[in-house]
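Per-entry structural report
For reference, the chains in residue letters:
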Amino acid sequence: MVGEEHERVILVNEMREENSTKQSTPLHRSAVGSGVSSPAPADPIDDEILRSRVEGEDNVDENFGNPTRSTIYIFLLTLAIGGLQISWSTEFSNGTPFLLSLGMSKTVMSLVWIAGPLSGVLVQPVVGMLSDSCMSPFGRRRPFMVGGAAFTTLSLLMLSWSKDIVVVVLGRFTDALTGATQFLAVIMVYVLDFSVGTVQASSRAFIVDNVPIHQQQVANAWAAVLTGVGNMIGFILGTMNLPKVFPFFGNTQFKCLAVIASLALILSIGLACKYIKEKDPRFDVYLREQRIKRRSILDFFRQTVRGISRLSPQVRLICDTEFFAWTGYFPMLFYTTTYVGEMYYQEVIHGRDPSSPQLTSDEIDKLWEAATRYASWSLLFYSLTSLIANLMLPLIIAPSYANPDLAKPSRFRIKWLTLPRSWMLSHIVFALAMLSTFFISTGRQATIMIAVLGIPWAHALWAPFALIAEDIARIKENVRHPNFERFEHEAGIIMGVHNVFVSLPQVLSSLGSSIIFKFLAKPRGEEDDNSIVWIFRLSGLGAIVAAYLSTKIKTPDQLTVEDMMFDGLSEEESIDYAEAGPVDGQVRMSQEV
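It is worth spelling out the overall build of the protein at this point. The number of helices and strands found in the protein is 24 helices and two strands. Within the protein, the proportion of its 593 residues that are buried is 55%. Here the analysis covers contacts within the protein between residues at least 6 apart in sequence; of these, 78% occur between residues at least 24 apart. A total accessible area of about 26,500 Å² is found for the protein, and carbon and sulfur atoms account for 63% of it.

Under the criterion given, the structure shown has five salt bridges. A salt bridge links Asp 209 to Arg 140, with the shortest nitrogen-to-oxygen separation between them at 3.5 Å. With Asp 209 in helix α9 (residues 177-210) and Arg 140 in the loop between α6 (115-132) and α7 (142-160), this pair connects stretches of sequence that are 69 residues apart. No difference in accessibility class separates Asp 209 from Arg 140, as the two residues are buried. Its salt-bridge partner being Glu 278, residue Arg 142 comes within 3.6 Å of it at the nearest N-O pair. A residue pair is termed long-range when its members are at least 10 positions apart, and Arg 142 in helix α7 and Glu 278 in the loop between α12 (253-275) and α13 (285-293) qualify at 136 residues. By relative accessible area, Arg 142 is classed as buried at 10%. Overall, the relative accessible area of 13% leaves Glu 278 in the buried class.

Here the focus is the confidence of the model for the protein. With 76% of its residues at a pLDDT of 70 or more, the protein shows a mean pLDDT of 78. Overall, residues 4-12 carries pLDDT values under 50, and its contacts beyond four positions in sequence, including any with other chains, amount to ten contacts. The low-confidence segment residues 18-64 (pLDDT under 50) makes 73 contacts with residues lying over four places distant or belonging to another chain.

Turning to the packing of aromatic side chains, a few remarks are in order. Within the structure shown, the criterion is met by 21 aromatic pairs. Look at Tyr 345 and Trp 368: their rings are 4.1 Å apart centre to centre, the planes differ by 5 degrees, and that puts the pair in the stacked class. Taken together, the residues Tyr 345 in helix α15 (residues 313-351) and Trp 368 in helix α16 (residues 361-396) connect sequence positions 23 residues apart. Each member of the pair, Tyr 345 as well as Trp 368, carries the same accessibility label: buried. Here the aromatic cluster, defined as three or more aromatic residues joined through ring pairs, consists of Trp 88, Trp 113, Phe 330, Phe 334, Tyr 335 and Phe 517.

With that out of the way, let us pick up the packing of helix α18 (residues 443-452) against helix α19 (residues 454-477). Packing of α18 against α19 brings their axes to within 4 Å, and their N-to-C directions diverge by 25 degrees. As judged from the angle between their axes, α18 and α19 are roughly parallel. Contacts between α18 and α19 involve Ile 450, Ala 451 and Val 452 from the first element and Gly 454, Ile 455 and Pro 456 from the second.

The next subject is α19. For an α-helix the count is 3.6 residues per turn, leaving residues at separations of three or four pointing the same way. Compared with an ideal rise of 1.5 Å per residue, which puts 24 residues at 34 Å, α19 spans 35 Å between its outermost C-alpha atoms and is within 8% of the ideal. The sharpest bend along α19 measures roughly 30 degrees and falls at Ala 460, with the proline Pro 464 sitting one to four residues further on. Judged by how many residues are buried, α19 sits mostly within the fold: 22 of 24 residues are covered.

Rules used in this analysis
Residues numbered from 1 in each chain as written. Predicted model: local features only at pLDDT ≥ 70, side-chain atom pairs only at ≥ 80, totals over all residues. Heavy atoms only, no water. Helix = DSSP H or I, 4+ residues; strand = E, 2+ residues; numbered from the N terminus. Buried < 20%, exposed > 50% of the residue type's maximum accessible area, 1.4 Å probe, protein only. Contact = heavy atoms within 4.5 Å. Areas by Shrake-Rupley, 256 points an atom, 1.4 Å probe, with all protein chains shown as cover. Salt bridge = Lys/Arg side-chain N within 4 Å of Asp/Glu carboxyl O. pLDDT = per-residue confidence, 0-100. Phe/Tyr/Trp six-rings, centres within 6.5 Å; stacked < 30°, edge-to-face > 60°. Axes fitted to C-alpha atoms, helices over the stretch in contact; angles between N-to-C directions. Parallel < 35°, antiparallel > 145°, perpendicular 65-115°, else oblique. Expected span 1.5 Å × (residues − 1). Bend = angle between axes of the 7 residues up to and from the residue.

The structure is reproduced here in structure tokens:
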């Protein structure tokens, strides 16, 4: 044992001598007189870094790569995404009807929903960079997941109970009751969306950090599946009369949903953080140096701009595609319930006997509650379609990178159907569905159209994240190569930049929607309100541009050939590398470097 310790100390000292020019650490003779040179007193964490490298620990350098992960590991890794989706589906299905029930106009409501896109533009990039440089012993991502979950729970509960909170504070009989309730609800919507953005950004980077390159598609497919499951649970609950089933959770549908969603989020985040262990960032010299460099919030936004300029061509193309795709996704997410609900409401009104007495205000409120539940059925079918697609797509789409631990590939694979091609087809499906609103006139037809939208939404939850994660892993594996040094490879930064490309079109779409609502929207319940229909139709144009851009995304073989040609090889030699397999070719290049 003494001999092994003596040999380890010698190796540690040799490593210190190799880095002496960077650290400027003078050597001195050991006080013990053993003849072993040792450095002057240094940071104890630096000592631990060196010892860990000698002992072969894998928590020192994130670029060493991750081993192949088990299915249960990937399930727990992505569980937080599913739990978060239940909270998000609660806001998605009940947020717009709730705000309208407070007397808020559609024009003002559309401006309120800018909160989500602003979270992506302002909050998620900052969260990504903060988590990249986080030095907590609990890891880089988990502290943000836990903190974001806490604020998500608090804001969701306060939003659903906003009327009661204002009554307790101001009293029931006051002229300011409606305005104060609207104000509190708007504040809670912003806090909720910013908190959801925090959990989303850290959870996505959590996946990228802990899975090897050949499992990035699988892990992101699991995230998409759990997102679908979260949607299913949320929308199934939305079709039930929850105050009767869970009277102890609240006296309204929204209150009950908020309590259940909060419990699901706490459980999923707790399990993910307990069983998935991150590498200790205190043992990473690069992260410690970057933490010293980043001093202010402005530095984070400068780094976001720098991150955009340092995106690899593949990631930049994916982000450009996302920009145009999300001009259409935003209306689909926030106006679907209102679109189907208003159509159901008008059908009921037109179906009444003209000689029937006029509906009372209480009867109208109950009819709108029934319309919201009917719209929740369309969302349930939509989430079911999305879930089935998320389960089937990984089985039929050809993987970008071969899994070295998989002896036989799936027999259901369609060789020509790559992930970029499937993503491109989903944009076409979305555009056709949006344009079909010219022919839809009943709630049942609208429900079928919404259900079809589950196919492009399944791709939106998987394709861009898997493609970006693969390219991040590809760059990380070759980060010391001159051709890759100019590309950003930190998952938090790249995911933050990606969220800017996702969120900015939502801001533009929301502003455009408010203009359309201003000119076309009518008071709640009036006939011939085509404002949402025209928003849907115009959103299909963005999907057409996204379909065109997604045809330009390169395959791993094309990327490998391109990398080798940059490396000075001829096109024939580069093709030989590509034919050896994407993973093999990249490993060979890394070894030559």
